[in-house]
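Residue strings, one per chain:
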Amino acid sequence: MAQALAALAPYGVRTGCRLIREGDETHLLPEEARSIPARQPAMRRASGAARWIAHRLLADIGFDDVALPRAPSGAPAWPDGIIGSLAHDDDMAVAAVATVATVGRILSLGIDVEPALPLPDDIFGIVVTAADRTGAADPRLAGRILFAAKEAVYKAAYPLDREVLGYEDIAVDLDAGRATTKTGRGVSLAYCVAPRVAVLAFVRE
């Protein structure tokens, strides 16, 4: 999975993954733990696993012991000069980070991960619209890829536009590696389907 994520990333973007384990909630720094409302232990473990990855990626570029508290929007609050995104499914957490100086013309990142399984029909009907183009994507997984793509695109677009978007507000063209939001924001994306469905979205200048 680590290799698959690395292959998606533009130059200067660092990615990582981790299987979620018992005790991963202990990787939350105190400020992070306080910012995450008391909820199911599984959710706190997943948040801890995702932040453990991000902490390591940030340390690799000279940002040690940086807290990533949960902002009111639900997204992690990144320090000045850093862009990034976190995600998890039931079993795996992923992260993508970069310094603004390193990536140059990339303004924002979004990432999502999902099991490589067909999307349930009831969710498929909510996520997929006539504007979406799946092209050469595996038909069995196309709905799941679109779901992950729209989640990642939202994460990349929201910090720039501060616009709440539904699935119907994002049109995805998988072959073109491109999505467009209802605000006209263009977002680039890349995806893999093995060993899990993962999508990395990014906004260029």
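Scroll up for the structure.
Residues numbered from 1 in each chain as written. Predicted model: local features only at pLDDT ≥ 70, side-chain atom pairs only at ≥ 80, totals over all residues. Heavy atoms only, no water.

1. Description of the overall build of the protein
Step number 1: Helices and strands together make up the secondary structure of the protein, namely six helices and eight strands.
Step number 2: The C-alpha atoms of the protein give a radius of gyration of 16 Å, which matches the 17 Å a tight globule of 205 residues would have.
Step number 3: Buried positions account for 48% of the 205 residues belonging to the protein.
Step number 4: The long-range share in the protein, meaning contacts at least 24 apart out of those at least 6 apart in sequence, stands at 60%.
Step number 5: Carbon and sulfur atoms provide 51% of the accessible area of the protein, an area that totals close to 9800 Å². (Helix = DSSP H or I, 4+ residues; strand = E, 2+ residues; numbered from the N terminus. Rg over C-alpha atoms; globule rule 2.2 N^0.38 Å. Buried < 20%, exposed > 50% of the residue type's maximum accessible area, 1.4 Å probe, protein only. Contact = heavy atoms within 4.5 Å. Areas by Shrake-Rupley, 256 points an atom, 1.4 Å probe, with all protein chains shown as cover.)

2. Remarks on the sheet that holds strand β5 (residues 170-173)
Step number 1: Ordered by their spatial adjacency, five strands build an open sheet running β4-β8-β7-β6-β5, and the pairing between neighbours is antiparallel. The outermost strands of the open sheet, each flanked by one partner alone, are β4 (106-114) and β5. Ignoring strand direction, the axes of neighbouring strands in this sheet form an average angle of 25°.
Step number 2: Where strand β6 (residues 178-181) and strand β7 (residues 186-192) come together, three bridges link them in antiparallel fashion. Looking at β7, one finds that R178 is bridged to S188. (Pairing = 2+ DSSP bridges. Axes fitted to C-alpha atoms, helices over the stretch in contact; angles between N-to-C directions.)

3. With respect to the packing of aromatic side chains
Two numbers describe a pair of aromatic rings. These are the distance of the centres and the angle of the planes.
Step number 1: Here the structure, examined in full by the defined rule, presents two aromatic pairs.
Step number 2: An angle of 35° between the planes, with centres 5.6 Å apart, marks the rings of F147 and Y167 as tilted. Residue F147 is located in helix α6 (residues 142-161), and its partner Y167 is located in the loop between α6 and β5; the two are separated by 20 residues in the primary sequence.
Step number 3: Given a relative accessible area of 14%, F147 falls into the buried group. (Phe/Tyr/Trp six-rings, centres within 6.5 Å; stacked < 30°, edge-to-face > 60°.)

4. Things to note about the side chain of E114
Step number 1: Relative to the assigned elements, E114 resides in strand β4.
Step number 2: Separated by 2.9 Å, the side chains of E114 and R144 make a polar contact.
Step number 3: With residues up to four places along the chain from it excluded, the contact list for E114 reads D89, R144, F147, A148, R196 and V197. (Polar contact = N/O pair within 3.5 Å; in protein donor to acceptor, adjacent residues only side chain to side chain.)

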